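This is what each chain is made of:
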Amino acid sequence: MDPCWSRGVMALLCLLVPGGHPYRCRVSISPEEPTVEFGTSLLLNCTSSCLNYSRLNWEVSITKMGTRGPGWVSLSIPNVTSWSLKLQCFGVFGEQRDIATTTLRAYRFSPPQIYLEGDIVAGKEARVTCNASAQVSPTDPLDLHLALQGGGLPPSTHRGTSVGLGFTAQPEQHDRELTCEAVLRLGRRTVNASTTAVLWVWAAPHNVWVGAPRTVFTTGDNLTVMCRAEGNPPPRLRWELPTNASWELRDGGTTVTIPAAQQAHGGTYRCLAENRYGTGAASINILFQGSPRSPVIPVVVALAVVVIILFVLTLFWWFYRARGWKLMPD
């Protein structure tokens, strides 16, 4: 087949649509709204809807680099150093000429950072802030949106480079995660970045508890009193006891044990919990009753009573027999 005849057929097909009406050849740029980070590279394509063009090329104010193929020509920009650059691609189709135009937008965008202002202490006012920075063409408004959420806090959003949130810190917020998301809008395209941080909530001792298996003991019993407390950092425990008589601490100071406790060990057992953010305390009263009666004593008493009764009966019988005692008649 004659290649010239083939090219003529393709040209005819490009210029006609069903019904014999003329077809307008177009050129288009991809991507339509190019955006790129300042200083990085970019590759664009200009594509023709017809193949019967006599020219297909870029018209730009920078040195052109690229490749071409049937129906397309590329433009490579290895280092974008303009915040805004107008780009044109044109195609010549006989007497017809078509031009596609777009604007390249460059930007700088720093991911957001979360800042916790000083120590966050439970029960006190605290503040957390998220900052991000971006730069676009001076002729374009900066359309940057920040959203801060998580950590048991209400979400907060702001259009700009900073968003902050004040709150009263709670112990249960400790070790919970905060997220800040930044969205930079560049025309119909968006650039997103996010970061996370963990809330570290310090807390004075709280929920201090002191307990014992029971509160009434008998002399000679083994006595155990326990203490628990919450706080961040974990609180140190200190005991105030009713006596200096023998006792020992176990389980890292959380338990007081007294084997064979005595009456002197009765009284108030107070546990003090301390850390650098405060103190807390709780107490329990321990009562003692006397020593239990020995089971031998009632037996001895009963035997003594029996012996006395037997002695009296024997004596009575002896007098009756030896002296001739008789019961008086009625």
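In the nomenclature of an unreviewed UniProt entry, the protein corresponds to VCAM1 protein from the organism Anhinga anhinga.

Draft legend 1. Seen up close, the overall build of the protein. Assigned secondary structure in the protein consists of 2 helices and 23 strands. Counting contacts in the protein only where the partners sit at least 6 residues apart, residues at least 24 apart contribute 61% of the total. Working note: accessible area of the protein is about 20300 Å², and carbon and sulfur atoms make up 56% of it.

Draft legend 2. A look at the state of the cysteines. Counted according to the given criterion, the structure contains 4 disulfides. Paired through a disulfide, Cys 46 and Cys 89 show a sulfur-sulfur distance of 1.6 Å. The sign of the -85 degrees torsion about the S-S bond sets the Cys 46-Cys 89 disulfide as left-handed. With Cys 46 in strand 3 (residues 42-48) and Cys 89 in strand 7 (residues 84-93), this pair connects stretches of sequence that are 43 residues apart. The buried category is assigned to Cys 89, whose relative accessible area is 0%. With a sulfur-sulfur separation of 2.0 Å, Cys 227 is cross-linked through a disulfide to Cys 271. Between Cys 227 and Cys 271 the disulfide shows an S-S torsion of about -75 degrees. By sign, it is left-handed. A residue pair is termed long-range when its members are at least 10 positions apart, and Cys 227 in strand 18 (residues 223-232) and Cys 271 in strand 22 (residues 267-275) qualify at 44 residues. Judged by relative accessible area, which is 0%, Cys 271 ranks as buried. Taken in N- to C-terminal order, the disulfide-linked cysteines of the protein are connected 1-3, 2-4, 5-6, 7-8.

The rules we used
- Residues numbered from 1 in each chain as written.
- Predicted model: local features only at pLDDT ≥ 70, side-chain atom pairs only at ≥ 80, totals over all residues.
- Heavy atoms only, no water.
- Helix = DSSP H or I, 4+ residues; strand = E, 2+ residues; numbered from the N terminus.
- Contact = heavy atoms within 4.5 Å.
- Areas by Shrake-Rupley, 256 points an atom, 1.4 Å probe, with all protein chains shown as cover.
- Disulfide = S-S within 2.5 Å.
- Buried < 20%, exposed > 50% of the residue type's maximum accessible area, 1.4 Å probe, protein only.

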